[in-house]
Amino acid sequence: MKTIKYKNKLNLNCGIIWFCKDIKDLGKDLDIVELNGYPHKIKNAKKQSSLILNLEISEEEIFNEIKKNVKYEINRCYKENVKATIYNSKELSNEKEELLNFKETYNKMYEEKNLSTRLDLKLVQKYIDNNLFYLTKSHMDEKTLSYHAYLSDGKETRLLYSCSTFRSEKEESALIARANKFLHWEDIKYFKSIKVKVYDFGGISSFENPNGIDKFKMAFGGEKIEYYNITFGKNLKGKLFVFATKIKKIFRRKH
């Protein structure tokens, strides 16, 4: 279990928790808990589906599970001299420019989709400070094509963010799409090499009616799983703050 501790604007003790297997393990010093990816059902928690790969089998076995057309595009990237660079948290502490480039690429992608999603770099820095964060990128001829960001506790790794650069030309767009598949494969090999056991694609919206991103992830094979996300107060002041926050969000939606 990994816990990111901080104090909020009311000086309450908060914890963002990942890779928790037993809710009984949660620290008693927290007022508010944001629990992510919990494997057991919790009342009022939001259920999420995902797809995981077993990294304890051989690299060949993992690659064989990938759909034929995706394997072709991955191999084509090697021929095109597409490269992958992977940074762990310690290395990212000295790569501020790379982090800013990642933020810019991420935000620009959502701007072009007319969505309000933006990268919280302060939260990313918390993950880096706690040695949880990994950033990977595909690139060719010094041009970045795509980024992936992960959280890992050394046993499991979960995709947290993914973004690609956009090009209007059809040929460049196809290259970026290939490079994104290539980067997933390079990431999988890297995490396997450092003894991570499980690779999590970070969520599937629907297995029954998959969207484009879902189909992309499902092309790598893997096992379907479900887990739960919830934010709750552990004591009276924490519960009051969480309740007030929910009411505030409802009010904003109505107005």
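Just above, that's the structure.
Residues numbered from 1 in each chain as written. Predicted model: local features only at pLDDT ≥ 70, side-chain atom pairs only at ≥ 80, totals over all residues. Heavy atoms only, no water.

Quick look at helix α4 (residues 96-112)
Part 1: With 17 residues, α4 should cover 24 Å at 1.5 Å per step; its first-to-last C-alpha distance of 24 Å lies within 8% of that length.
Part 2: Buried within α4 are the following residues: E98, L99, F102, T105, Y106, N107, M109 and Y110.
Part 3: The elements touched by buried residues of α4 are β5 (83-87), α3 (89-92), α5 (121-129), β6 (133-140), β7 (143-152) and β8 (156-164). (Helix = DSSP H or I, 4+ residues; strand = E, 2+ residues; numbered from the N terminus. Expected span 1.5 Å × (residues − 1). Buried < 20%, exposed > 50% of the residue type's maximum accessible area, 1.4 Å probe, protein only. Contact = heavy atoms within 4.5 Å.)

Considerations on the sheet that holds strand β10 (residues 223-233)
Part 1: The 10 strands lie next to each other as β1-β2-β3-β10-β4-β9-β8-β7-β6-β5, forming an open sheet whose pairing is mixed. Bordering the open sheet on either side are β1 (2-7) and β5, each of which pairs with just one other strand. On average, adjacent strands in this sheet sit at an angle of 25° to one another, irrespective of strand direction.
Part 2: Of the pairings in the sheet, the one linking β1 to strand β2 (residues 13-18) comprises 6 bridges and is antiparallel in character. From the neighbouring strand, K7 faces β2, where its bridge partner is N13.
Part 3: Against the sheet, α4 engages β5, β6, β7 and β8, with an angle of about 65° to β8. (Pairing = 2+ DSSP bridges. Axes fitted to C-alpha atoms, helices over the stretch in contact; angles between N-to-C directions.)

Quick look at the side chain of N8
Part 1: Note that N8 resides in the loop between β1 and β2.
Part 2: We classify N8 as buried; its relative accessible area is 15%.
Part 3: In terms of polar contacts, N8 uses its side chain to reach the backbone amide nitrogen of L12, at 2.9 Å. (Polar contact = N/O pair within 3.5 Å; in protein donor to acceptor, adjacent residues only side chain to side chain.)

A look at the side chain of S164
Part 1: With respect to the helices and strands, the residue S164 is situated in strand β8.
Part 2: Once residues within four sequence positions are removed from consideration, S164 is found in contact with T105, M109, L145, S146, I176 and N180.

Quick word on the packing of α4 against α5
Part 1: Their axes nearest at 11 Å, the elements α4 and α5 cross at an angle of 135°. Classified by the angle between their axes, α4 and α5 sit oblique to one another. As α4 packs across α5, the resulting crossing turns out to be right-handed. Of the residues in α5, those in contact with K96, L99, L100 and K103 of α4 are L121, V124, Q125 and I128.
Part 2: Here the residues of the contact of α4 with α5 are counted per class, giving 5 nonpolar, 1 polar and 2 charged. (Parallel < 35°, antiparallel > 145°, perpendicular 65-115°, else oblique. Left-handed = near helix turned anticlockwise from the far one by under 90°. Nonpolar A, V, L, I, M, F, W, Y, C, P; charged D, E, K, R; others polar.)

Focus: the nonpolar core
Part 1: One finds L55, I74, V82, I188, Y199 and F220 to be the most contacted residues of the largest nonpolar core, which totals 30 residues.
Part 2: If you list the elements that add at least two residues to this core, you get β4 (46-54), α1 (59-64), α2 (68-79), β6, β7 and α6 (170-193).
Part 3: In terms of residue count, the dominant contributor to this core is α6 (7 residues).
Part 4: Sequence-distant contacts of F220, that is, excluding residues within four places in its chain, are made with L53, E65, I66, V70, I74, K181, H184, W185, I188 and F201.
Part 5: Judged by nonpolar contacts, the second largest core, of 24 residues, contains Y106, V124, L132 and Y161. (Core = buried A, V, L, I, M, F, W, Y, C linked by side-chain atoms within 4.5 Å.)

Looking at the pattern of salt bridges
Part 1: As enumerated under the stated definition, the model contains 11 salt bridges in all.
Part 2: Among the ionic pairs, E156 bridges to K21, the shortest N-O distance being 2.6 Å. A residue pair is termed long-range when its members are at least 10 positions apart, and E156 in strand β8 and K21 in the loop between β2 and β3 (32-38) qualify at 135 residues.
Part 3: By relative accessible area, K21 is classed as partly exposed at 46%. (Salt bridge = Lys/Arg side-chain N within 4 Å of Asp/Glu carboxyl O.)

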